[in-house]
Each structure stands twice: as C-alpha cells, then as structure tokens.
Amino acid sequence: ISINTGRDSIVNTNLTVLAPILFNQAITICSGDTYSIGTSLYSTSGSYTDVLIAINGCDSTVNTILTVIPEIIVNQTVSICDGDAYSVGTSNYTVAGNFTDVLTSVNGCDSTINTEIILTTEFVIAQNISICYGESYSIGTNTYTTPGNYTDTLVMVTSSCDSIVHTNLSI
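Bear in mind that the values here come from a model prediction, so they are computed numbers and not experimental data.

Colleague: Break down the state of the cysteines for me, with residues and values.
Modeller: Under the criterion given, the structure shown has one disulfide. Sulfur-sulfur distance for the disulfide between Cys30 and Cys109 comes to 2.0 Å. Here Cys30 and Cys109 share a disulfide; its torsion about the S-S bond, -85 degrees, makes the bridge left-handed. In this pair, Cys30 sits in strand 1 (residues 21-30) while Cys109 sits in the loop between strand 9 (97-104) and strand 10 (110-120), placing the two residues 79 residues apart along the sequence. Note on accessibility: Cys30 and Cys109 belong to one class, buried.

Next up, the structure:
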C-alpha cells in the first residue's frame, strides 16, 4: 500500500480464520412427529445434512441421523364370559363390541390396540332326573343320593364360562 507521501507504509493485519462448526447428532422421533432444524422439516428415517449460519456468521454444518419409530398397532379378538371384564390400559370392557385404545409404549410413542370383544353368555340348564332307590346321580364333582332341588355351577370346556345346572332329583 502506498500513501501519497511517496514512502512505503506497512500495515500489520491479524487475520483470524474461524474453523467451520460441525455437529453430528442422532435423533429419534415417533411416527407422525416431525423434527426441524433451521428451515428443514423431517418426518422419515434417514441421514440429513443442513448448513446453517452460526452466531459468528460462519457456516455451521449439522449432520443428523433421524430414526422414526413406527406406531405399534395390535388387532385382537377376545372372548369373555358374561359378567367378566377385559382390560386394555386403563379401560375395562364388559360388553361385546369393537374398541380402540391408544397407549404410550415403553419408547414413549403411541401404540394403538384394536379389540373386538365377544361376549359368551352362561348356559342355564334345568333338568328333571329320576333315579332308583340306592342309586346316585353325579354332576361335576357333586354326587346326590337323596331327592331334592340342586344347583351346580360348572365351567364349560369350550368357553371357560359358567354353566348353571338346576337339577330336580327324584327317587
């Protein structure tokens, strides 16, 4: 640099070159959520690079590995006995129908449970039984030798629900 005085001038300059900022991150989000960085918005799993302007005016590069946890959907059919209940989360179901519950799984994301409840009613049977003197009549774990009216509750093998048997026993 020359100045009009005809002599050389010396200018000392201290130049500081700022290193670029590089940041690597791994992010996990739930299905249906989004992750934003700068002006970018992401909702699918993948590797992304965003170049931003840092506070010092220089470029800042952010490398993101994004993992999207899929929603868990469970479809189930449950048969319950009349008078019983079936629980999903905090819901208790005692009637037949289709029900949907949204729960939070261990990873903090939503899980949807679709439940079809089938209600099995108990069977009530009334029977008149005659036996000869000295004989016995057995039903379930009970054996009867005297005349009378007896009520026995049995568990059906096919549905695990109660069967009520009313027996009028005569000799």
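Following the structure, the description resumes.
Colleague: Help me get a handle on the sheet that holds strand 10, residues and values and all.
Modeller: As summarised here, the arrangement of the three strands in space is 6-10-9, forming an open sheet in which the pairing is mixed. Looking along the sheet, the strands with just one partner apiece sit at the ends: strand 6 (72-81) and strand 9. Between one strand and the next, the sheet's axes are offset by a mean angle of 25 degrees, whatever the strand orientation. Looking at chain direction, strand 6 and strand 10 are connected through 10 bridges and run parallel. Bridged to Val74 within strand 10 is Ile113.

Colleague: How would you sum up the sheet that holds strand 1? Please name residues and give values.
Modeller: Read across the sheet, three strands follow the order 1-5-4 without closing on themselves; strand pairing throughout is mixed. Each having just a single partner strand, strand 1 and strand 4 (46-53) make up the two edges of the open sheet. Taken over all neighbouring pairs, the strand axes of this sheet differ in orientation by 25 degrees on average, direction set aside. For strand 1 and strand 5 (residues 59-69), the ladder comprises 10 bridges, and the chain directions are parallel. Looking at strand 5, one finds that Gln25 is bridged to Thr64.

Colleague: Could you give an account of the nonpolar core, naming the residues involved and the relevant values?
Modeller: If you look at the biggest cluster of nonpolar residues, it comprises nine residues: Ile27, Ile29, Tyr35, Ile37, Tyr42, Tyr48, Val62, Leu66 and Val68. Only strand 1, strand 2 (35-37) and strand 5 provide two or more residues apiece to this core. In terms of residue count, the dominant contributor to this core is strand 5 (three residues). For Ile29, the contacting residues outside a window of four places in its chain are Thr34, Tyr35, Tyr42, Ser43, Leu66, Thr67, Val68 and Ile69. In this structure, Ile129, Ile139, Tyr144 and Tyr150 belong to the second largest nonpolar core, which totals eight residues.

Colleague: Go over the packing of aromatic side chains with me, naming the residues and quoting the values.
Modeller: All told, the structure shown has three aromatic pairs when counted by the stated rule. Between Tyr42 and Tyr48, the aromatic rings sit 3.9 Å apart at their centres with planes inclined by 25 degrees, giving stacked as the arrangement. The same class applies to Tyr42 and to Tyr48, which are both buried.

Quick notes on the rules
- Residues numbered from 1 in each chain as written.
- Predicted model: local features only at pLDDT ≥ 70, side-chain atom pairs only at ≥ 80, totals over all residues.
- Heavy atoms only, no water.
- Disulfide = S-S within 2.5 Å.
- Helix = DSSP H or I, 4+ residues; strand = E, 2+ residues; numbered from the N terminus.
- Buried < 20%, exposed > 50% of the residue type's maximum accessible area, 1.4 Å probe, protein only.
- Pairing = 2+ DSSP bridges.
- Axes fitted to C-alpha atoms, helices over the stretch in contact; angles between N-to-C directions.
- Core = buried A, V, L, I, M, F, W, Y, C linked by side-chain atoms within 4.5 Å.
- Contact = heavy atoms within 4.5 Å.
- Phe/Tyr/Trp six-rings, centres within 6.5 Å; stacked < 30°, edge-to-face > 60°.

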